[in-house]
Amino acid sequence: MQPRNSRLNSAALRGAVDLAAVKAAGEAAQKAEQARAERARQAAAAEADGVAPQPAYQLVIDVTEDTFETEVVQRSTEVPVVIDFWAEWCGPCKQLSPILEGLAEEYAGAFVLAKIDVDANQLIAQQFGIQGIPAVMAVVAGQLVPLFQGAESAANVRKVLDQLIVVAEQRFGISGGAVAPGEAAAAAGPQRPEDPALAAAHDALDAGDLSGAIQAYRNVLVDQPGNTEAKLGLAQAELLKRVEGLDLQAVRAAAAADPKDVAVQLRAADLDLVGGHVEDAFGRLVDTVGRTFGEDRDTARLRLLELFEVIGPEDPRVVAARAALARVLF
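Residues numbered from 1 in each chain as written. Predicted model: local features only at pLDDT ≥ 70, side-chain atom pairs only at ≥ 80, totals over all residues. Heavy atoms only, no water.

Draft legend 1. Representation of the overall build of the protein chain within the structure. In terms of helices and strands, the protein chain carries 14 helices and 5 strands. Put simply, the protein chain has 330 residues, and 46% of those count as buried. Surface summary for the protein chain: the accessible area is close to 15,500 Å², and the carbon and sulfur share equals 52%. (Helix = DSSP H or I, 4+ residues; strand = E, 2+ residues; numbered from the N terminus. Buried < 20%, exposed > 50% of the residue type's maximum accessible area, 1.4 Å probe, protein only. Areas by Shrake-Rupley, 256 points an atom, 1.4 Å probe, with all protein chains shown as cover.)

Below, the structure is given as C-alpha cells:
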C-alpha cells in the first residue's frame, strides 16, 4: 500500500485530494447507477418468482489486508464504506463498535461497516495514519473521508453518518440501500447520458489543458449555474493552473520567512492542497486571515473559500476550517 495521500488502486489508498476527482465522481456515479439498476433487476426477478429479495451486500464485515481492495475499495463504488479501526484490548472500542453495528442495521444498507483489527492488520493501520483507536473513516468512490476518532454517542455518530450519506449522494451519485420491489422498475430505467459539454471539460482536465478545462467548465456553468460537478471541476482546474511552475521548496521557504506576505502564503496553501496536506492548507490561510486586515484579509479569506470548493462543502475538514475561520473573523 502507498502512503495515505495517494491514489487508491489495487493495493493503495486514494488521497485526501485527488485532482482527477471530477472525472472519478462521474465514473463513480455511472457505476453506482449501474449497480442500482442491477439490484433493481434482481429485486424485480425475485418479486416475480415470489421470493423475498436478498440484501445486496453484508452490512457489517471483517476486513483484512487480503480483502481490503474488494470489500472496501471496490465496494465503495456502490455504497459508502465506513471503517471501524479497533482492537480487542481497546475499552472505548467496545463501547463504539456496538453503536456502529447497530446503526449499520438501522440504516439498512445506506452504508457498509468494515471492521479492521489494527493488531491483525498493522499495514493498513499504518497507511491510514492511525495513531489512536477507536478511529472511524470512510471510503466513497475510492475517496478517503476522515470522520472522527474516539468513542462517540449514538446521536453524534448518527449526525456524522447522515452527513456522509449526503456527500456520497450529492458528490458521487452513490447511495446504498436495498431496492424495494416497488422501486425496481424505476431504478432499472435508462441511464442518463453524460452532458457532452461536461465530458469535454473533463477530457481537457485529464489532458492537462488547464486553460481549456477552465473555459469549458465556465461554459457549463453559464447554462447550469448550479452544476456541482462543474463547480468542483472549475475549482480544481484553477488550482492546478495557479501552481504551474511553482517551486515547492522555494515557496515554502518564502512563506516561513515572511508570514505576513499574503501572496506567498496563498501560493504555499495551494501547494499544500495539491500535495494532499488539506488541514495544513486550511490552517495556513485561517492564520493569514487572523493576522491581516482590509484587502489582504479579504484576499486570504476568498482563497480559503475557493479551496473549500476543491474539497467539497460537506467534508469534515471543511466544516472544521469554516468554524476556525468564523472564530478569527468574529
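Draft legend 2. View of the state of the cysteines. Tallying each qualifying case throughout the model produces 1 disulfide. Sulfur-sulfur distance for the disulfide between Cys 90 and Cys 93 comes to 2.4 Å. Taking the torsion about the sulfur-sulfur bond, which here is approximately 80 degrees, the covalent link between Cys 90 and Cys 93 counts as right-handed. Its relative accessible area of 1% is what places Cys 93 among the buried residues. (Disulfide = S-S within 2.5 Å.)

Draft legend 3. Broad picture of the nonpolar core. Counting 28 residues, the largest nonpolar core has Leu 273, Phe 282, Leu 304, Leu 307 and Ile 311 as the members making the most contacts within it. Elements that contribute at least two residues to this core include exactly helix 9 (228-243), helix 10 (248-257), helix 11 (262-274), helix 12 (278-291), helix 13 (294-311) and helix 14 (316-329). In terms of residue count, the dominant contributor to this core is helix 11 (7 residues). Judged by nonpolar contacts, the second largest core, of 26 residues, contains Ile 83, Ala 87, Cys 93 and Val 112. (Core = buried A, V, L, I, M, F, W, Y, C linked by side-chain atoms within 4.5 Å.)

Draft legend 4. Representation of a negative patch on the surface in the model. A grouping of Asp 258, Asp 261, Glu 295 and Asp 296 is seen on the molecular surface, where their side chains present a negatively charged patch. Counting through the fold element by element, Asp 261 comes out in the loop between helix 10 and helix 11. (Patch = residues over 30% accessible without salt bridge, like charges linked within 9 Å, V, L, I, M, F, W, Y side chains within 5 Å. Salt bridge = Lys/Arg side-chain N within 4 Å of Asp/Glu carboxyl O. Lys, Arg positive; Asp, Glu negative; His and termini not counted. Charge placed at Lys NZ, Arg CZ, Asp CG, Glu CD.)

Draft legend 5. Region of interest: the packing of helix 9 against helix 11. Look at helix 9 against helix 11: their axes get within 10 Å of each other, and the N-to-C directions meet at 120 degrees. Taken together, the axes of helix 9 and helix 11 lie oblique to each other. Between helix 9 and helix 11 lies a crossing whose hand is left-handed. Along the contact surface, helix 9 presents Leu 239, Arg 242 and Val 243, while helix 11 presents Asp 270, Leu 271, Leu 273 and Val 274. Residues of the contact of helix 9 with helix 11, tallied by class, amount to 5 nonpolar, no polar and 2 charged. (Axes fitted to C-alpha atoms, helices over the stretch in contact; angles between N-to-C directions. Parallel < 35°, antiparallel > 145°, perpendicular 65-115°, else oblique. Left-handed = near helix turned anticlockwise from the far one by under 90°. Contact = heavy atoms within 4.5 Å. Nonpolar A, V, L, I, M, F, W, Y, C, P; charged D, E, K, R; others polar.)

Draft legend 6. View of the pattern of salt bridges. Counted by the stated rule, this structure contains 14 salt bridges. Residue Glu 101 is joined to Lys 115 by a salt bridge in which the shortest nitrogen-to-oxygen separation is 3.2 Å. Of this pair, Glu 101 sits in helix 3 (residues 91-106) while Lys 115 sits in strand 3 (residues 112-117); the two residues are 14 residues apart in sequence, bridging distant segments of the chain. Judged by relative accessible area, which is 30%, Glu 101 ranks as partly exposed. The exposure class of Lys 115 is buried, given its relative accessible area of 9%.

Draft legend 7. Region of interest: the sheet that holds strand 5 (residues 143-149). The 5 strands lie next to each other as 1-3-2-4-5, forming an open sheet whose pairing is mixed. Each of the sheet's edge strands pairs with one partner strand only, and the pair in question is strand 1 (60-62) and strand 5. Strand-to-strand, the axes of this sheet are offset by a mean angle of 25 degrees, without reference to chain direction. Where strand 4 (residues 135-140) meets strand 5, 6 bridges bridge the pair, whose relative direction is antiparallel. For Val 139, the partnering residue across the bridge sits in strand 5 and is Leu 144. (Pairing = 2+ DSSP bridges.)

Draft legend 8. How the structure looks around the side chain of Asn 227. Secondary-structure assignment places Asn 227 in the loop between helix 8 (210-223) and helix 9. From its side chain, Asn 227 meets the backbone nitrogen of Ala 230 in a polar contact 2.9 Å long. If we ignore the near neighbours within four places in the chain, the residues touching Asn 227 are Leu 198, Val 220 and Leu 221. (Polar contact = N/O pair within 3.5 Å; in protein donor to acceptor, adjacent residues only side chain to side chain.)

Draft legend 9. Representation of helix 7 (residues 196-206) in the model. Among all positions in helix 7, only Leu 198, Ala 199, Ala 201, His 202, Ala 204 and Leu 205 are buried. You can read the cap of helix 7 off the contacts: a side-chain oxygen lies 2.9 Å from the backbone nitrogen of Ala 197, and it is on Asp 195. One or two steps after helix 7, the chain reaches Gly 208, where phi turns positive at roughly 85 degrees.

Draft legend 10. Focus on the pairing of strand 3. Most of strand 3 is tucked away: 5 of the 6 residues are buried. Note that strand 2 (residues 81-86) and strand 3 share 6 bridges and pair parallel. Within the sheet, the bridge partner assigned to Phe 85 lies in strand 3 and is Ile 116. For the segment spanning strand 2, helix 3 and strand 3, crossover handedness is right-handed. (Right-handed = clockwise from strand over helix to strand, strands pointing away.)

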